[in-house]
Amino acid sequence: MSSNTSINLVNLDFSTLKDSLKEYLKSQNVFKDYDFEGSNMNVLLDVLSYNTYMNGFYLNMIGNEMFLDSAQL
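Source: prediction; values computed, not measured.

A. Representation of the overall build of the protein chain. Regarding its fold elements, the protein chain presents two helices and zero strands. The buried share of the protein chain, taken over its 73 residues, is 16%. The long-range fraction of contacts in the protein chain, counting pairs at least 24 apart against all pairs at least 6 apart in sequence, stands at 44%.

B. Molecular detail of helix α2 (residues 40–65). Over its 26 residues, α2 extends 38 Å from the first C-alpha to the last, a length consistent with the 38 Å expected when each residue adds 1.5 Å. Restricting attention to buried positions, one finds in α2 the residues Met-41, Asn-42, Leu-45 and Ser-49. At its buried positions, α2 is contacted by α1 (14–27).

C. Focus on a nonpolar patch on the surface. Taken together, Leu-12, Phe-14, Tyr-50, Tyr-53 and Met-54 make up a surface patch of nonpolar side chains, about 440 Å² in accessible area. A per-element tally of the nonpolar patch places α2 first, with three residues. Residue position: Tyr-50 is located in helix α2.

D. Examining the packing of α1 against α2 more closely. With their axes 9 Å apart at the nearest point, α1 and α2 run at an angle of 125° to one another. On the basis of the axis angle, α1 is oblique to α2. Judged by the twist between their axes, the crossing of α1 over α2 is right-handed. Between α1 and α2, the residues in contact are Phe-14, Leu-17, Lys-18, Leu-21, Lys-22 and Leu-25 and Asn-42, Leu-45, Asp-46, Leu-48, Ser-49, Tyr-50, Thr-52 and Tyr-53, respectively. Per-class residue counts for the contact of α1 with α2 are eight nonpolar, three polar and three charged.

E. Highlighting the nonpolar core. Listed in full, the five residues of the largest apolar core are Leu-21, Leu-25, Phe-36, Met-41 and Leu-45. Elements that contribute at least two residues to this core include exactly α1 and α2. If sequence neighbours within four positions are ignored, Phe-36 has contacts with Lys-22, Leu-25, Lys-26, Phe-31, Met-41, Asn-42 and Leu-45.

F. Broad picture of the side chain of Lys-18. Of note, Lys-18 is situated in helix α1. Ignoring any residue separated from it by four or fewer positions in sequence, one finds Lys-18 in contact with Asn-42, Leu-45, Asp-46 and Ser-49.

Calculation criteria
Residues numbered from 1 in each chain as written. Predicted model: local features only at pLDDT ≥ 70, side-chain atom pairs only at ≥ 80, totals over all residues. Heavy atoms only, no water. Helix = DSSP H or I, 4+ residues; strand = E, 2+ residues; numbered from the N terminus. Buried < 20%, exposed > 50% of the residue type's maximum accessible area, 1.4 Å probe, protein only. Contact = heavy atoms within 4.5 Å. Expected span 1.5 Å × (residues − 1). Patch = residues over 30% accessible without salt bridge, like charges linked within 9 Å, V, L, I, M, F, W, Y side chains within 5 Å. Areas by Shrake-Rupley, 256 points an atom, 1.4 Å probe, with all protein chains shown as cover. Salt bridge = Lys/Arg side-chain N within 4 Å of Asp/Glu carboxyl O. Axes fitted to C-alpha atoms, helices over the stretch in contact; angles between N-to-C directions. Parallel < 35°, antiparallel > 145°, perpendicular 65-115°, else oblique. Left-handed = near helix turned anticlockwise from the far one by under 90°. Nonpolar A, V, L, I, M, F, W, Y, C, P; charged D, E, K, R; others polar. Core = buried A, V, L, I, M, F, W, Y, C linked by side-chain atoms within 4.5 Å.

Encoded structure:
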């Protein structure tokens, strides 16, 4: 496994996150020949992308409310 590959998590778009995860897995030797569109791996990538999307949204809301005087503790 190569440790120099990275996942692009800059955009908070579900499809962009999923495509980035697919490209990362395709770059690994273990998952090089997998079919990500028609397998159970696609469902796992959906769950992981959705979880990443929701965590990014949640952390963005936390960061935005941190500096408001009216934010509840």
